[in-house]
Amino acid sequence: MKKGYTGDLRISILRRTAAVTLVAVTAFSMAACGKSGDSGDAAQAKEWAYVPEFITIDEENVNYYDVQIVGENLYYLSYSWDEETGESSQNICRYSLEDQSVTSTPITWLEEGGNQNISRGRFAEDGSMYAIMYSYNEDYSESKEMLARFDVSGKQVFANDISDLVGDSYVDTFAVDGEGRLYVAGDSQVWLFDEEGNRQGTVSMEGGGNTWIDSLACGKDGKMYMGYSNYDGNSSTYTLCEIDFEGKKAGQAYEGVTRNNGFTAGTEYDFLLSDGTSLYGYDLGKKEKEHLFDWLDSDINGNNVRKFGQMEDGRIIAVIEDWENNDSGVAMLTKKKAEEVPQKETILVATMGGSYTLQSKAVKFNKANDKYHISVKDYVDYNNINENTWSDALANLNNDITSSNCPDMIDLSNLNVAPLAAKDVLEDLSPYLEKSSKLNRDDFVQNILSAYTYNGKLLSIPAYFSMQTVIGSADMVGTGSGWTLEQLIALANEHPDAELFDSASKQAILQAAMMFNEDAFINWETGECSFDTDGFKNILEFVNRFPDEVNYEDERDSEPARIQNGEVLLSNAYIYDFNQLQMYNEIFQGDYNCIGFPTVDGQGGHALSANEAYAITTKSEKKDGAWEFLESLLTEKNNDRFYSGFPTLKSRLNEMAEKAVTPEYITDENGEILKDENGEPVISEGASSIGYEDGWSYTYRLATQEEVDRVMELMNVAKPVSYNGDDEISKIINEEAEAFFKGQKSVDEVAGVIQNRVNIYVSETR
């Protein structure tokens, strides 16, 4: 299948001057030190707290992604710009955690005047640096990949060409041990070098292309270890493995070591491991990990921890890169008895796979709030998704909601709200909104509030949303909004030689047909189901016309080209900004209509996908604090660079709409708009574009007011979907329908079984 690419043609060149200012801020929060697997359990008593001291290296050239921890020092590479020569140079910087001083040492190359650049540096205990670097010819048309060493004065000691050795392997991971020996990892092998950069051998892993080495680190025992993933075609496992330098082979392996952003030697444990949520200590002898604390309990988003380590006195060092909140820096965590640390009231927020964004929001709130502390429990464990499936996670969440473990808030972004609304477990937010001094109902897009109002209760106020709809030629689907499943089937019958959607399998068609129709077969108020009716049987029979799977290895043109060639009829479109529709205008040559997904009543089936849609549970004893957190999410000014979608606040939505139709002009160094020879402002020609391997491409222009208005119209009718393909009902339908698709059972038999199973499930969960 031909894949598309996107590109941004705008290029900005930044010239920076460095200034170092060190700011230390101490923040107190409470963290747990408990048993393995207790991450996110707010009910467990907190015995230990890891209290953070936050340090910011206030220098524009600091790249926190590459900061390394060596003993009580932080090392990193920085760039200096010479205004007179117009040239940049690289420097080795050392930041002392002891006295917070910074030392910058310019790099001296063996070949002065050459075109050289360090890609990755690794520092030894004495402060010397080993590096993967590139050496270019004069016009940068050719390059060589080099393994180099620089002494403590920044002088290059050697540079050995390893281009032929590594070939096409992606080399991004390497390490140096206590003897100065080098380990360079590329894909599924590790190349070994002595302290002078001479090759000593290779350690190759079994599995070839299915094995990926992504981490190298010395353990507490002084030996070098590598971390690698192995994919067997169905699932992926992560393994920690010793490297035998003398034997040129892999040594003892330790399987089941879950990790997210690396491992490093500890003082009490052989290794410290992080999975993006918690920090663990790993014991090689026991082959076990022990949960130390949740990053969030120390006001840190674990997903933003780029490097971590431990000092001799036991303090944990975490290097944090938070682009979203512009809050990158270093945290030093000191272990204390929990009773010695000021306590806050914990508000537990449950989410299904949304912890990355949620943790970032929680950190910002926790640092600013003296009374409440947001804790996050993500029921989806992506590191063990084969053992703990989405259905398992959803079942665990539902069990907690109906028990004493009920969270204070629930992230509804990936959930079907109707069953929760029927259980009456979610608080009505209308009274809170009416009392708010910061927000009122008229501030929001009204349809969004209506979409999350069930039985007269406002259950959530999303901060952002996007939409999904079906687009087709107006000649084929008409000019109205909405159609029935019968009309969709009729269109497919009229064009038997064309695909309904590009590369659509049975599962994709079932998803499209059921997206807005699950509630047509389930009455969540009464618990009645009707999957044994002709309406549902017709869906199964229609879906059975499509292939079981799609072979994506087949060479085929892009979706836009296939639509224009008449090979594909409809497009499943995602709308997350005001520029999207213009591409479909190009694809359908000005003759397009957002018809939506088919529905039983023929009304427009435009899907609303909410982001940051939180609800407060009726069981929560901290509703005021939960509303305070929700209010902070809705009123904060986010960095739009990290968000795709439409804001629900009308003021921000209108700003976004105005920006979409307003041209950008080229300015000079003083910010004045440049004008052409006719005195007209010069419009920036830069624009984003999309292209495919078959040559079809499109460069975006300014949106027209008509296009903006059309998107606004969709917002006024879009609504949350009832069938998302991941919940228990979807699972039941997919499992049982398979017997009909394979010819093992009749459609009547399968519909009866589905009716039975769903009826039991609905009865149990109401």
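Each residue is numbered by its place in its chain's sequence as written, counting from 1. The predicted origin of the model limits local features to residues at a pLDDT of at least 70 and limits the giving and counting of side-chain atom pairs to 80 or more, whereas totals for whole chains, interfaces and linings rest on all residues. Each side-chain value is derived from all of the structure's non-hydrogen atoms; neither hydrogens nor water enter the calculation.

### Some remarks on the overall build of the protein
Here comes step 1: A run of DSSP states H or I qualifies as a helix once it reaches four residues; a run of E qualifies as a strand once it reaches two. Both are numbered from the N-terminal end. The helix and strand inventory of the protein stands at 18 helices and 43 strands.
Here comes step 2: Considering the protein as a whole, with its 766 residues, one finds that 51% of them fall into the buried category.
Here comes step 3: Carbon and sulfur atoms make up 43% of the accessible area of the protein, which totals about 35,600 Å². Note on exposure labels: buried denotes an accessible area under 20% of the residue type's maximum, exposed denotes more than 50%, and partly exposed covers the range between, all computed with a 1.4 Å probe on protein chains only. In short, Shrake-Rupley with a 1.4 Å probe defines the accessible areas, and a residue's cover is counted only from the protein chains shown.

### Considering the sheet that holds strand 12 (residues 171–176)
In sheet architecture, strand pairing relies on hydrogen bonds along the backbone and comes in two forms, parallel and antiparallel.
Here comes step 1: If DSSP finds at least two bridges between two strands, the strands pair. Ordered in space as 12-13-14-15, the four strands form an open sheet in which the pairing is antiparallel. Edge positions in the open sheet fall to strand 12 and strand 15 (199–204), since each of these has one partner strand only. Between one strand and the next, the sheet's axes are offset by a mean angle of 20°, whatever the strand orientation.
Here comes step 2: Sheet topology places strand 14 (residues 189–193) next to strand 15; five bridges connect them, and they run antiparallel. Each bridged residue has a counterpart across the sheet, and for leucine 192 the counterpart in strand 15 is glycine 201. All axes here are fitted lines through C-alpha atoms, helices being fitted over the stretch that makes contact, and every angle between N-to-C directions spans 0 to 180 degrees.

### Let's talk about the pattern of salt bridges
Here comes step 1: One side-chain nitrogen of Lys or Arg within 4 Å of one carboxyl oxygen of Asp or Glu is enough to make a salt bridge. Enumeration according to the criterion identifies 24 salt bridges in this entry.
Here comes step 2: Across the salt bridge formed by glutamate 47 and lysine 337, the nearest N and O atoms sit 3.9 Å from each other. Separated by 290 residues along the polypeptide, glutamate 47 in the loop between strand 2 (21–26) and strand 3 (48–58) and lysine 337 in strand 26 (residues 329–337) bring together distant segments of the chain.
Here comes step 3: Classification of lysine 337 by relative accessible area gives partly exposed; the value is 30%.
Here comes step 4: Close ionic contact of aspartate 177 with arginine 181 constitutes a salt bridge, the shortest N to O distance being 2.9 Å. Exposure class is identical for aspartate 177 and arginine 181. Each is buried.

### Remarks on unusual backbone geometry
Here comes step 1: The residue lysine 248 is not glycine, and still its phi comes out positive at about 55°.
Here comes step 2: Within the fold, lysine 248 resides in the loop between strand 18 (236–244) and strand 19 (249–255).
Here comes step 3: Looking at lysine 248, the relative accessible area reads 32%, which means it is partly exposed.
Here comes step 4: Of note in the backbone geometry, aspartate 424 takes a positive phi value of approximately 60° without being a glycine.
Here comes step 5: Of note, aspartate 424 is situated in the loop between helix 4 (417–423) and helix 5 (430–435).

### Side note on a nonpolar patch on the surface
Here comes step 1: Like-charged residues within 9 Å of one another, or nonpolar side chains (Val, Leu, Ile, Met, Phe, Trp, Tyr) within 5 Å, are grouped into patches, provided each residue has over 30% relative accessible area and no salt bridge. Residues Tyr665, Ile673 and Ile683 make up a contiguous nonpolar surface patch of about 270 Å² in total accessible area.
Here comes step 2: The topology assignment puts isoleucine 683 in the loop between helix 15 (650–661) and strand 41 (688–692).
Here comes step 3: We classify isoleucine 683 as partly exposed; its relative accessible area is 46%.

### Some remarks on the nonpolar core
Here comes step 1: Each nonpolar core is a collection of buried residues, namely Ala, Val, Leu, Ile, Met, Phe, Trp, Tyr and Cys, held together in the definition by side-chain atoms within 4.5 Å. Counting residues in hydrophobic clusters, the biggest one holds 56 residues, and the most contacted among them are Met352, Leu412, Met467, Phe578 and Phe646.
Here comes step 2: Note on contacts: a residue pair qualifies if any of its non-hydrogen atoms lie within 4.5 Å across the two residues. Sequence-distant contacts of phenylalanine 578, defined by excluding residues within four places in its chain, comprise Phe646, Leu653, Met656, Ala657, Ala660, Ala703, Val708, Val711, Met712 and Met715.
Here comes step 3: Leu485, Ile489, Leu510 and Leu569 belong to the second-largest nonpolar core, a separate cluster that totals 50 residues.

### Here we look at helix 18 (residues 747–765)
Here comes step 1: In this analysis, the expected span of each helix is defined as 1.5 Å times one less than the number of residues it contains. End to end, helix 18 covers 27 Å across 19 residues, agreeing with the expected 27 Å (1.5 Å per residue, within 8%).
Here comes step 2: Of all the residues in helix 18, the buried ones are Val747, Val750, Ala751, Ile754, Gln755, Val758, Tyr761, Val762 and Thr765. The buried residues of helix 18 occupy an angular sector of 145° when projected down its axis, which confines them to one face. Exposed side chains of helix 18 directed beyond 90 degrees from the buried face belong to Asn756 and Glu764.
Here comes step 3: Looking at the buried positions of helix 18, the neighbouring elements they touch are helix 3 (390–401), helix 4, strand 34 (522–523), strand 35 (528–529), helix 11 (534–543) and helix 17 (728–741). Within this analysis, the arc is defined by the directions that extend from the helix axis to the C-beta atoms.

### Some thoughts on the side chain of glutamate 636
Here comes step 1: Residue placement: glutamate 636 occurs in the loop between helix 14 (623–635) and strand 40 (646–647).
Here comes step 2: Overall, glutamate 636 belongs to the buried group, its relative accessible area being 12%.
Here comes step 3: Pairing of N or O atoms within 3.5 Å defines a polar contact, subject to two protein rules: one partner must be a possible hydrogen donor and the other a possible acceptor, and residues neighboring in sequence count only if both atoms are side-chain atoms. Among the polar contacts made by the side chain of glutamate 636, one reaches the side chain of lysine 361 at a distance of 2.8 Å.
Here comes step 4: Residues in contact with glutamate 636, not counting those within four places in the same chain, are Lys361, Lys364 and Arg652.

### Overview of the packing of helix 11 against helix 17
Here comes step 1: Their axes nearest at 11 Å, the elements helix 11 and helix 17 cross at an angle of 65°. Considering the relative orientation of helix 11 and helix 17, their crossing is right-handed. Along its contact with helix 11, which presents Phe536, Leu540, Glu541 and Val543, the element helix 17 presents Ile733, Ala737, Phe740 and Phe741.
Here comes step 2: A class-by-class count of the residues in the contact of helix 11 with helix 17 yields seven nonpolar, no polar and one charged. Left-handed describes a crossing in which the near helix is turned anticlockwise from the far one by less than a right angle; the clockwise case is right-handed. The classification used treats Ala, Val, Leu, Ile, Met, Phe, Trp, Tyr, Cys and Pro as nonpolar, Asp, Glu, Lys and Arg as charged, and all other residues, Gly among them, as polar.

### Thoughts on the side chain of asparagine 301
Here comes step 1: Considering the arrangement of structural elements, one finds asparagine 301 in the loop between strand 23 (288–294) and strand 24 (305–310).
Here comes step 2: At 3.0 Å, the side chain of asparagine 301 and the backbone nitrogen of asparagine 303 are in polar contact.
Here comes step 3: Beyond its immediate sequence surroundings of up to four residues, asparagine 301 is in contact with Tyr356, Gln359, Ser360 and Val363.

### A look at the confidence of the model for the protein
Here comes step 1: Every residue is assigned a pLDDT by the predictor, reflecting its confidence on a scale from 0 to 100. Scored by pLDDT, the protein has a mean of 85; 89% of the residues are at 70 or more.
Here comes step 2: Every residue in residues 1–43 scores below 50 in pLDDT, and together they form 133 contacts with partners more than four places removed in sequence or on other chains.

### Things to note about the packing of aromatic side chains
Here comes step 1: Aromatic rings from Phe, Tyr and Trp, with only the six-membered ring used for Trp, were paired whenever their centres fell within 6.5 Å, and each pair was classed as stacked if the ring planes differed by under 30 degrees, edge-to-face if by over 60, and tilted otherwise. Following the criterion strictly, the structure yields 25 aromatic pairs and no others.
Here comes step 2: Relative to tryptophan 295, the ring of phenylalanine 293 has its centre 5.2 Å away and its plane inclined at 80°; by these criteria the two rings are edge-to-face.
Here comes step 3: Taking the relative accessible area as the measure of exposure, phenylalanine 293 reaches 0% and is therefore buried.
Here comes step 4: The class of tryptophan 295 is buried, set by a relative accessible area of 0%.
Here comes step 5: Taken together, the ring pairs connect Tyr50, Phe293, Trp295 and Phe308 into an aromatic cluster.
Here comes step 6: Seen from the ring of tryptophan 48, lysine 337 lies directly overhead, with NZ or CZ sitting 4.3 Å from the centre.
Here comes step 7: One cation-aromatic arrangement involves lysine 367 over phenylalanine 54; the distance from NZ or CZ to the ring centre is 4.1 Å. Any Lys NZ or Arg CZ that is within 6 Å of a ring centre and within 35 degrees of that ring's normal is treated as a charge sitting over the ring.

### Some remarks on the packing of helix 11 against helix 18
Here comes step 1: Interaxial distance between helix 11 and helix 18 falls to 10 Å at its minimum, and their mutual angle equals 120°. As far as their axial angle goes, helix 18 and helix 11 are oblique. Crossing hand, helix 11 versus helix 18: right-handed. Residues Phe536, Lys537, Leu540 and Glu541 of helix 11 form the contact with helix 18, whose own contacting residues are Val747, Asp748, Val750, Ala751 and Ile754.
Here comes step 2: Here the residues of the contact of helix 11 with helix 18 are counted per class, giving six nonpolar, no polar and three charged. Here roughly perpendicular refers to angles of 65 to 115 degrees, roughly parallel to angles under 35, roughly antiparallel to angles over 145, and oblique to all remaining angles.

### Focus: the environment of tyrosine 231
Here comes step 1: Structurally, tyrosine 231 can be placed in strand 17 (residues 224–231).
Here comes step 2: Along the chain, tyrosine 231 and asparagine 210 lie 21 residues apart, while their C-alpha atoms are 5.2 Å from each other.
Here comes step 3: When neighbours within four sequence positions are excluded, tyrosine 231 is seen to be in contact with Asn210 and Ser236.

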